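# Geometric and topological summary
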Amino acid sequence: DTGVSQDPRHKITKRGQNVTFRCDPISEHNRLYWYRQTLGQGPEFLTYFQNEAQLEKSRLLSDRFSAERPKGSFSTLEIQRTEQGDSAMYLCASSLGEWYQETQYFGPGTRLLVL
Amino acid sequence: EDQVTQSPEALRLQEGESSSLNCSYTVSGLRGLFWYRQDPGKGPEFLFTLYSAGEEKEKERLKATLTKKESFLHITAPKPEDSATYLCAAQAYGGATNKLIFGTGTLLAVQP
C-alpha cells in the first residue's frame, strides 16, 4: 500500500498527558499537512511542511502543539498537557506540489480521546 | 475571510433517486475546488478537482461542476454504497501554503 499512513489509529489518554502521532506520507511527496476534524465538522488546517521546513501554523495550533518533519520524510505531531478539547480526529495529508495543480491525499487519521 | 458552505447538511435518497449537493465558496482567488468522500471513521478520499468556472468532471455516478460562486456534486441513480459524507474544499491563491478550507459536509444516505 503506497498511501498515506498514520499511527496510532486510536489513542485514549488522560488529561494532562503528552501524546505523539506519526504520519508517513506517500513516497516522494514533498508537501505534508496536518488537519484536525471534530464530530460533524470538516477538517481544519493545523500546519504545513514543504520538505523539512514548517512554513505555516494555524492560530488553532496552541503552544502545546508541536510538529516536526525531520529530513522531509515522516512527520510527528505532539500534544503536550492534553485537554478534553483536544479530542478529535487528527488527519495527515501529503501532496506533490506542482505550480499548476496540487491534490492532497489523506491518511486514515488518528482518533484521540482525552478523558 | 475565506469560507465554504455546504447544503444540505443531510440528504436521504432512495436507490435510483438522483439529486445534487451544493457547495458555496467565498475565497480571495480560487486556485482549486475539491470534492472528497469520507466514510465513518476514515480519512477523506479524493474525488475531483475543478479549476475554472464551467469545468465539469465525472466519475461513475458522480459529476462535479463549478461556477464562479459555487460547485455542485450531481449523483445520478445512486446506490447504497454511495452513502457517505461528501466534503467540499476550496484552495485559495496566496500565502505560503495551499491549505484546504473545508465545508462541514453533506451526509448522504441512500436506502435500497
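Residues numbered from 1 in each chain as written. Chains lettered and ligands numbered in written order. Predicted model: local features only at pLDDT ≥ 70, side-chain atom pairs only at ≥ 80, totals over all residues. Heavy atoms only, no water.

Moving on to the side chain of Ser94(A). Residue and element names in this part refer to chain A. With respect to the helices and strands, the residue Ser-94 is situated in strand β9 (residues 88-95). Within the structure, Ser-94 has its side chain in polar contact with the side chain of His-29 (distance 2.8 Å). Excluding residues within four positions of it along the chain, Ser-94 makes contact with Val-4, Pro-25, Ile-26, His-29, Arg-31, Leu-32, Thr-103, Gln-104 and Tyr-105. (Helix = DSSP H or I, 4+ residues; strand = E, 2+ residues; numbered from the N terminus. Polar contact = N/O pair within 3.5 Å; in protein donor to acceptor, adjacent residues only side chain to side chain. Contact = heavy atoms within 4.5 Å.)

Okay, the side chain of Gln38(B) next. Within the element layout of this structure, Gln38(B) appears in strand β4 (residues 30-38). On the basis of relative accessibility, which here comes to 9%, the residue Gln38(B) falls in the buried class. Sequence-distant contacts of Gln38(B), defined by excluding residues within four places in its chain, comprise Gln37(A), Gly43(B), Pro44(B), Ala84(B), Thr85(B) and Leu87(B). (Buried < 20%, exposed > 50% of the residue type's maximum accessible area, 1.4 Å probe, protein only.)

Before going further, it helps to examine the sheet that holds strand β8 (residues 75-79) of chain A. All names here are of chain A. In spatial order, the strands read β1-β3-β8-β7; together these four strands make up an open sheet with antiparallel pairing. With partners counted over all chains shown, the strands left at the sheet margins are β1 (5-7) and β7 (65-68), one partner each. Shown here is a sheet whose adjacent strand axes are inclined to one another by a mean of 15 degrees, direction ignored. Relative to β8, β7 is paired through four bridges, and the arrangement is antiparallel. Bridge pairing links Ala-67 to Leu-77 in β8. (Pairing = 2+ DSSP bridges. Axes fitted to C-alpha atoms, helices over the stretch in contact; angles between N-to-C directions.)

Before going further, it helps to examine the environment of Gly72(A). Residues and elements named next belong to chain A. Mapped onto the elements, Gly-72 comes out in the loop between β7 and β8. In this structure the C-alpha to C-alpha distance between Gly-72 and Pro-25, which are 47 residues apart in sequence, comes to 9.8 Å. For Gly-72, the contacting residues outside a window of four places in its chain are Asn-51 and Glu-52.

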